[in-house]
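Chain residues, written in single-letter form:
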Amino acid sequence: MTDVFVQGSGMTRFGRHLDRSPRDLVEEAVAAALADAGLGPADVDAVVVGNAVDGLMTGQESVRGQVVLRGTGIRGVPVVNIENACASGAVAAYLGWQSVVAGLHRRVLVVGYEKLVHPDREKAFRAFDASMDLEEMRALHPEPPTDRTIFMDHYAGRDDLDESLLAEIAAKNHTHGSLNPLAQYRTPLDAAEVLASRAIVGPLRLRMCAPMGDGAAAVVLSASPGPVRVLASAMTSGRGDDASMPTAVSRAASLAYERAGLGPDDLDLVELHDATAVGELELYAQLQLCASGSEEALVKGGTTRLGGARPVNTSGGLLARGHPIGATGVAQLVELHTQLTGRGGARQVDGARIAMAQNLGGIVGTDVACAVVHVLGGTS
């Protein structure tokens, strides 16, 4: 199989871009990624575009990628449109990797984008909720809340959650995000400030939850040798109603470790899907970063903070960098590429060589609908 490298990356700042269109955001991210790779539009052999809810938010369906790429100068090459909930961007990268590793294309541009900010916030909440089995959702929530997505109720549904531990996780990510010039939130917070933010549902506070936002991100995957190699890419679907199976994330992580020939102790940093602080807490064990039941020690011991043995969400994660859902999985790869090329600035992980990105999407039955894990490694 052909080795695959990340040749370049770029993204917009995530945030509230009421005056910008999806096309405008994508053009900025694509131009940045191509410039970083030292390429022009004519050098791209294929494009895979991830987007989750543009059809629900703007009405644009069917040819979303071709529409947002229209002004980029990329002409005539295959454009594949991917929709897979919050994992849309990561699935796009998975398919782009497959195309290069199989030798079908030499350079594949992967784009993720989303436009979520809207004067009617409930419209965005219901767009999020469409990433569930709607028949099941309506049976469980015949009158859905108007001030949040039902995903928040899902995350808050455990009865063993320690809100002080959740606050520490959120404070870590907001502190990391304060060092990222492209993050939606750039104010460092401590645990007390997180706990003082507005209550959402159960133990969740506002700053423990990813914000609504707009943005785009892009990476160039290439067969040409470069400073960052894709060591593994793995995708799984959820177990549905069969709770005897391991979760989709657990299975994707195991596949990625196997394909990379590495283990969790080899990782220097991790970008994971912290849609809420609860989400990050639950993912530690599923990614084998600690044993189940040892999450508190992992957090309080400082392992997951910058300066710790295995920093998690150096970008600020979804909580601070933001979560324009179709862009998130690609933005995670932008962060890994930035770190592994030593360009992280104040948030740079010293000596970073191996990094993981984990993205998930949707809920069906007892599990997420899909999960994707990438492992990247520096080559120099």
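All residue numbers here refer to positions counted from 1 along the written sequence of the relevant chain. Given that this is a predicted model, residues contribute local features only at a pLDDT of at least 70 and side-chain atom pairs are listed and counted only at 80 or more, while totals for whole chains, interfaces and linings are drawn from all residues. No hydrogens and no water enter the side-chain calculation; it runs on all heavy atoms of the structure.

Bringing the packing of aromatic side chains into the picture now. Here the aromatic set is Phe, Tyr and Trp, taking the six-membered ring for Trp, and pairing holds for ring centres within 6.5 Å; pairs whose planes are under 30 degrees apart are stacked, those over 60 apart are edge-to-face, and all others are tilted. Summed over all chains, the structure comprises one aromatic pair. Relative to Trp97, the ring of Tyr94 has its centre 6.1 Å away and its plane inclined at 25°; by these criteria the two rings are stacked. On the criterion of helical spacing, the pair formed by Tyr94 and Trp97 is a turn pair, its members being three residues apart in helix α4 (residues 88-101). No difference in accessibility class separates Tyr94 from Trp97, as the two residues are buried. Sitting above the plane of the Tyr185 ring, Arg207 keeps its charged end 4.5 Å from the centroid. Numbering of helices and strands runs from the N terminus, with a helix taken as a DSSP run of H or I at least four residues long and a strand as a DSSP run of E at least two residues long. Any residue under 20% of the maximum accessible area for its type is buried, any over 50% is exposed, and the rest in between are partly exposed; the area is computed with a 1.4 Å probe on protein chains only. In this scheme, the term charge over a ring applies when either NZ of a lysine or CZ of an arginine sits within 6 Å of the ring centre and within 35 degrees of the ring normal.

So, on to the environment of His105. Within the fold, His105 resides in the loop between α4 and β4 (107-115). Among the residues examined, His105 registers a relative accessible area of 24% and is labelled partly exposed. Between the alpha carbons of His105 and Ala170 there is a distance of 40 Å; along the sequence they are 65 residues apart. Once residues within four sequence positions are removed from consideration, His105 is found in contact with Asp45, Ala46, Pro78, Ser99 and Val100. A distance of 2.6 Å separates a polar atom in the side chain of His105 from a polar atom in the side chain of Ser99. Here, two residues are considered to be in contact whenever any of their heavy atoms come within 4.5 Å of each other. Polar contacts here mean pairs of N or O atoms no more than 3.5 Å apart (in protein, one a potential hydrogen donor and the other a potential acceptor; neighbouring residues in sequence count only if both atoms are side-chain atoms).

Here we take up the layout of surface pockets. Regions of empty space are outlined by a rolling probe, equal in size to a water molecule, passed over the atoms. Taken as a whole, the largest pocket spans an internal volume of roughly 870 Å³. As for the largest pocket, its lining consists of 41 residues, and the residues nearest its centre are Thr149, Phe151, Met152, Tyr155 and Ala275. Where the lining of the largest pocket is concerned, the elements lending two or more residues are α5 (121-129), α7 (150-155), α11 (277-286), β10 (354-364) and β11 (367-378). For this classification, the nonpolar set comprises Ala, Val, Leu, Ile, Met, Phe, Trp, Tyr, Cys and Pro, the charged set comprises Asp, Glu, Lys and Arg, and every other residue, Gly included, is treated as polar. Of the residues assigned to the lining of the largest pocket, the class counts are 19 nonpolar, 13 polar and nine charged. A pocket here means an open set of points on a 1 Å grid, computed over the protein atoms alone, that has protein on both sides within 12 Å along at least five of seven lines. A cavity is instead a set of points where a 1.4 Å probe fits but cannot get out; residues with an atom within 4 Å of a point line either one. Grid points are joined across faces, edges and corners, and a volume is the space filled by probe spheres set on the points.

Of the positions making up α5, those classed as buried are Ala124, Phe125, Ala127, Phe128 and Asp129. Looking at the buried positions of α5, the neighbouring elements they touch are α2 (54-57), α6 (134-140), α7 and α14 (325-340). Regarding α5, its N-cap is Asp120, as a side-chain oxygen of that residue lies 3.2 Å from the backbone nitrogen of Glu122 further along.

The next point concerns the pairing of β11. Where burial is concerned, most of β11 is hidden: 11 out of the 12 residues are buried. The criterion for strand pairing is that DSSP finds at least two bridges linking the strands in question. Where strand β8 (residues 228-237) lies against β11, nine bridges are found, and the strand directions are antiparallel. Note that in β11 the partner of Ser237 across the bridge is Cys370. When β10 meets β11, the two strands line up antiparallel, connected through 10 bridges. Bridge assignment links Ala357 to a residue of β11, and that residue is His374. Linking two consecutive strands that pair antiparallel, namely β10 and β11, is a turn of two residues; a positive phi of about 65° is found at Gly365 within it.

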